[in-house]
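Listed below, chain by chain, are the residues.
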Amino acid sequence: MKKILLPCFCLIIALSTNAQLKVKAECDPFYVDILNGTVNTVKPNHTPGEIQQKLPCSSGYEEEGAAAKCGGSISFKGQDIVFYTQRNIIEIGSKFKGKMSIPLLGASRTKLFPLLGSPQLKDDNWEAFQTAYGILILYYTAGKVNRILMSSENATTIQLCQ
């Protein structure tokens, strides 16, 4: 009986030890390049596979397709970043903790002209700027930037997620 229990006990210990050795995927610190439209060199029009390869630390994934709320997404909740993969949009929220080439979050709407020029389109709560990569949309609360969208689309082709 001892001969049977000992291998079973060793197997159970080996399996539970192996389970403890799983390494959580980590990403380099997040860096948003506003003028190039990238997050850690990942562009809005990269495929889901390319995004997950370069940024393996995602916290959520929704496959592209008609059933997806916004056409598929890869989210990084700890960083407040979402890639809308089918719509070619990167959304950066107000709780973003990384670095930016131009620190836009919290910036005053009135101070952006020297940095970005005149907006192509504007409304009370947002402005859209034409860029070399597509379009940059800034959303405002109380006159300060609180959300950023970067897209490889342009003002006429972009499909925003509501």
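Quick caveat, the model's predicted, so the values are computed rather than measured. (Residues numbered from 1 in each chain as written. Predicted model: local features only at pLDDT ≥ 70, side-chain atom pairs only at ≥ 80, totals over all residues. Heavy atoms only, no water.)

Quick notes on the state of the cysteines
- The tally for this structure, following the rule as stated, stands at one disulfide.
- Disulfide partner of C70: C161, at an S-S distance of 1.4 Å. Here C70 is found in the loop between β3 (60-62) and β4 (73-76), whereas its partner C161 is found in the segment after β11 (144-151), with 91 residues between them in sequence.
- The class of C161 is partly exposed, set by a relative accessible area of 24%. (Disulfide = S-S within 2.5 Å. Helix = DSSP H or I, 4+ residues; strand = E, 2+ residues; numbered from the N terminus. Buried < 20%, exposed > 50% of the residue type's maximum accessible area, 1.4 Å probe, protein only.)

Concerning the nonpolar core
- Grouped together as the largest cluster of nonpolar side chains are 29 residues, with contacts concentrated most on F83, L136, L138, I148 and M150.
- Setting aside anything within four residues of it in sequence, one finds L138 in contact with L104, L112, L116, N125, W126, E127, F129, V145, R147 and I148.
- Residues C70, Y84, A128 and Y139 belong to the second largest nonpolar core, which totals ten residues. (Core = buried A, V, L, I, M, F, W, Y, C linked by side-chain atoms within 4.5 Å. Contact = heavy atoms within 4.5 Å.)

Observations concerning the pattern of salt bridges
- A complete count under the given rule lists three salt bridges for this structure.
- The salt bridge partner of E91 is R147, with a shortest N-O separation of 2.7 Å. Within this pair, whereas E91 is found in strand β6 (residues 89-92), its partner R147 is found in strand β11, the two being separated by 56 residues in sequence.
- Classification of E91 by relative accessible area gives buried; the value is 17%.
- Judged by relative accessible area, R147 falls into the partly exposed class, the value being 27%.
- Here the salt bridges do not stand alone but share partners, grouping R109, K122 and E127 into one network. (Salt bridge = Lys/Arg side-chain N within 4 Å of Asp/Glu carboxyl O.)

Some thoughts on the pairing of β4
- The alternating pattern of β4 places S73 and S75 on one face and I74 and F76 on the opposite face, and all of these are buried.
- Bridging between β4 and strand β5 (residues 81-84) involves four bridges; their strand directions are antiparallel. Bridge pairing in β5 places F76 opposite I81.
- Linking β4 back to β5 in an antiparallel pair, the connection comprises four residues, with D80 at a positive phi of about 60 degrees. (Pairing = 2+ DSSP bridges.)

What about the environment of P29?
- Inspection of the secondary structure assignment puts P29 in the loop between α1 (2-20) and β1 (31-33).
- You can call P29 exposed: its relative accessible area is 72%.
- Taking C-alpha positions, P29 is 6.4 Å from G98, a pair spaced 69 residues apart along the chain.

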